[in-house]
Amino acid sequence: MSDHEGSRFAADPLDAPVPAAAPAAAATCRGVGKTYRTATESVTALDDVTLSIPRAQVTVVVGPSGSGKSSLLRLLACIDSPDTGEVHVAGQRVDRLGARGRRRLRQRQVAYLFQRPGENLLPYLDAVAQVRLAASLRGAPVTEDDAVALLDRLGLAGRAGHHPAQLSGGEQQRLAVACGVVGDPALVVADEPTAELDTAAAELVLAAMEDLAAAGVAFVLSSHDPRVMAIADGFVRLDHGRLVDA
Ligand SMILES: Nc1ncnc2c1ncn2[C@@H]1O[C@H](COP(=O)(O)OP(=O)(O)OP(=O)(O)O)[C@@H](O)[C@H]1O
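In this report, we go over the structure that sits alongside the text. The model shown is predicted, which means the values in this text are computed figures rather than measured ones.

**Remarks on the nonpolar core**
In terms of nonpolar packing, the biggest core is built from 68 residues, with L76, V131, L187 and V189 touching the most fellow members. For this core, the element with the highest residue contribution is helix α6 (residues 199–214), accounting for 7 residues. Aside from chain neighbours lying at most four places away, what touches V131 is A147, L150, L151, A178, C179 and V182.

This is the structure:
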């Protein structure tokens, strides 16, 4: 079976099955530590973190400012690598990869959404072209009809030909979610995805994420927002870089 057969958001975004060979968890961390060193100090951002990110769920990372949420998200997104411990994404061991290996894995298996919706999009492409480009970069090209069907699913029917500047912040973030899930990455990571959105827009983005998680996408979100917590299937709670119980 090729990499992309059975893709949930390729030929038929609604009904295609989850690939049988997929690993049980979208990602795992085992004994992970991360310390930032500057000329004058070292800051331990993560300390002995062991966790599993399930498929088909929304996992929300919570904790006070400075507790290590963004650091954890960057490791799961294969942007950074830990100093100690193991990180696995889509069944591949990330901590042994160099920057180029992480970039390759990230390109295929991870979507990372920034807080500011516009930063997730290219200003010169319309919505359908953004989705198709994201799929192609992931090595899983989709037809225009497939891209439009995904946009419809995210409540962007009739917006396929619009450029980011012609979309509201909430519409831009839903387009970013469409680009995030197309081509079946193992993990969609979003740091404070509703921080820049008003209540109505945030609710539409979160409803889209909830719907897509039910269809098989693994989301990992960091947030202080109660609306985000309301759609969580599970939590990762951090304090001073360590996991804490609820
Ligand atoms: N590049 C860096 N260099 C030095 N220290 C860093 C760096 N990035 C993060 N830190 C420190 O690591 C710790 C964890 O930071 P991190 O950004 O992961 O926390 P956070 O929980 O996401 O915080 P916030 O909720 O404020 O965004 C903090 O003490 C922070 O100051």
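Here the narrative resumes.
**Observations regarding helix α3 (residues 127–137)**
Inspection of α3 places A127, V128, Q130, V131, R132, A134 and A135 among the buried residues, and these make up the whole buried set. Buried residues in α3 make contact with α4 (144–153) and α5 (169–181). Once α3 ends, the next one or two residues include G139, with phi positive near 80 degrees.

**Notes on the sheet that holds strand β6 (residues 110–113)**
Read across the open sheet, the 6 strands follow the order β6-β7-β8-β3-β9-β10; overall the sheet is mixed. One side of each edge strand has no neighbouring strand; the edge strands of this open sheet are β6 and β10 (242–243). Examined bridge by bridge, β6 and strand β7 (residues 187–191) share 4 bridges and lie parallel to one another. Looking across to β7, one finds that L113 is bridged to A190. With respect to the sheet, α5 is in contact with β6 and β7, its orientation differing from that of β6 by roughly 165 degrees.

**Looking at the pairing of strand β1 (residues 25–37)**
Where β1 lies against strand β2 (residues 42–54), 9 bridges are found, and the strand directions are antiparallel. Within β2, the residue paired with Y36 across the bridge is V43. Between β1 and β2, which follow one another and run antiparallel, lie 4 residues. Sheet analysis places β1 next to strand β4 (residues 84–89), joined by 5 bridges and oriented antiparallel. For T28, the partnering residue across the bridge sits in β4 and is H88.

Parameters and conventions
- Residues numbered from 1 in each chain as written.
- Predicted model: local features only at pLDDT ≥ 70, side-chain atom pairs only at ≥ 80, totals over all residues.
- Core = buried A, V, L, I, M, F, W, Y, C linked by C-beta atoms within 7 Å.
- Buried ≥ 20, exposed ≤ 12 C-beta atoms within 10 Å, placed from the backbone.
- Helix = DSSP H or I, 4+ residues; strand = E, 2+ residues; numbered from the N terminus.
- Contact = placed C-beta atoms within 7 Å.
- Pairing = 2+ DSSP bridges.
- Axes fitted to C-alpha atoms, helices over the stretch in contact; angles between N-to-C directions.

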